[in-house]
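Each chain is listed here by its residues.
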Amino acid sequence: MDLKTAQDRALDAAEDLFYRRGVHAVGMDDIRDTSGVSLKRLYQLFPNKERLVTAYLRRRDVRWRGGLSEYVGRVADPRERLLAVFDWLLTWFTDPDYRGCAWINCFGELGATSSAVAEEVRTHEEGFRRLLRELSAAAGHDDDLAEQLLILAEGTIVTAAITGDAGTAHRARAAAARLVG
């Protein structure tokens with residue numbers, strides 16, 4: 001198995017297992033068994049579990065923000081583009097594999113003990129913040145609105161995960177519409 005294939009398989013396994021079960025509940029043996037990548041190769045690719053976790057978060061961030069940007073980019077009206085963020089959240093919440101925010105989950109598990117994981121979480125949040133600032137500016141609003149929408153979106157993500165109620169996205173969209181005006 002070549003290096004790229006082994007890395008992809010390891011990250012696929014890590015994403016599935018860490019997101020579904022949590023980081024602490026998953027060992028490198030679980031990653032090996034799921035990915036088919038030997039422990040020796042796993043440790044060549046990721047010298048420790050923390051490096052695997054940060055690589056998983058980084059890869060997921062690219063897909064998550066890319067999917068969100070693509071979704072809102074299909075909306076022509078700048079005001080509606082802001083609200084489309086919450087429509088996209090609804091599609092995410094209705095995915096049968098939805099288990100909340102991978103970054104919040106990892107921060108809860110490792111943020112106090114792993115500065116590398118905490119930094120990946122901050123990087124993700126800053127990317128989300130930047131997107132909301134861009135959308136707010138395009139709709140004629142300032143950064144304050146973007147910050148309010150960020151808090152609303154993150155609260156909605158957590159609430160949907162805890163309650164299992166995807167409808168929180170509808171309620172959050174209605175609140176966002178009031179903020180947007």
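Note that the structure is predicted; figures quoted are calculated from it, not measured. (Residues numbered from 1 in each chain as written. Predicted model: local features only at pLDDT ≥ 70, side-chain atom pairs only at ≥ 80, totals over all residues. Heavy atoms only, no water.)

1. Describing the pattern of salt bridges
This model, assessed by the stated rule, comprises 21 salt bridges. Residues Asp16 and Arg20 are paired through a salt bridge, measuring 2.8 Å at the closest nitrogen-oxygen approach. Taken together, the residues span about one helical turn, with Asp16 and Arg20 both in helix 1 (residues 3-21) at a distance of 4 residues. The class for Asp16 is partly exposed, based on a relative accessible area of 35%. Arg20 gets classed as partly exposed once you look at its relative accessible area, which sits at 42%. The shortest N-O distance in the salt bridge between Asp143 and Arg133 comes to 3.7 Å. (Salt bridge = Lys/Arg side-chain N within 4 Å of Asp/Glu carboxyl O. Helix = DSSP H or I, 4+ residues; strand = E, 2+ residues; numbered from the N terminus. Buried < 20%, exposed > 50% of the residue type's maximum accessible area, 1.4 Å probe, protein only.)

2. Overview of the UniProt feature "domain: HTH tetR-type" (unreviewed entry) in the chain
According to UniProt, the "domain: HTH tetR-type" (unreviewed entry) feature falls on residues 4-64. Taken end to end, residues 4-64 is 80% helix and 0% strand, and its first and last C-alpha atoms sit 21 Å apart. (UniProt positions renumbered as here; feature names shortened; annotations may be inferred.)

3. A word on the packing of helix 4 (residues 49-73) against helix 6 (residues 102-110)
Here helix 4 crosses helix 6 at 160°, and the two axes come no closer than 10 Å. As judged from the angle between their axes, helix 4 and helix 6 are roughly antiparallel. You can see that helix 4 and helix 6 cross each other, and the crossing is left-handed. Along its contact with helix 4, which presents Val53, Tyr56, Leu57, Arg60, Asp61 and Trp64, the element helix 6 presents Ala102, Trp103, Cys106 and Leu110. Residues belonging to the contact of helix 4 with helix 6 are distributed by class as follows: 8 nonpolar, no polar and 2 charged. (Axes fitted to C-alpha atoms, helices over the stretch in contact; angles between N-to-C directions. Parallel < 35°, antiparallel > 145°, perpendicular 65-115°, else oblique. Left-handed = near helix turned anticlockwise from the far one by under 90°. Contact = heavy atoms within 4.5 Å. Nonpolar A, V, L, I, M, F, W, Y, C, P; charged D, E, K, R; others polar.)

4. What to know about the layout of surface pockets
By volume, the largest pocket amounts to about 320 Å³. For the lining of the largest pocket, the elements supplying multiple residues, two or more each, are helix 1, helix 4 and helix 5 (78-93). Element by element, the count of residues in the lining of the largest pocket is highest for helix 1, at 4 residues. Of the residues assigned to the lining of the largest pocket, the class counts are 5 nonpolar, 1 polar and 8 charged. (1 Å grid on protein atoms, 1.4 Å probe; cavity = no way out; pocket = protein on both sides within 12 Å on 5 of 7 lines; lining within 4 Å. Points joined across faces, edges and corners; volume = space filled by probe spheres on them.)

5. Digging into the environment of Asp12
Turning to its location among the elements, Asp12 is positioned in helix 1. As a C-alpha pair, Asp12 and Thr123 span 111 residues in sequence and 21 Å in three-dimensional space. A distance of 2.5 Å separates the side chain of Asp12 from the side chain of Arg59, its partner in a polar contact. (Polar contact = N/O pair within 3.5 Å; in protein donor to acceptor, adjacent residues only side chain to side chain.)

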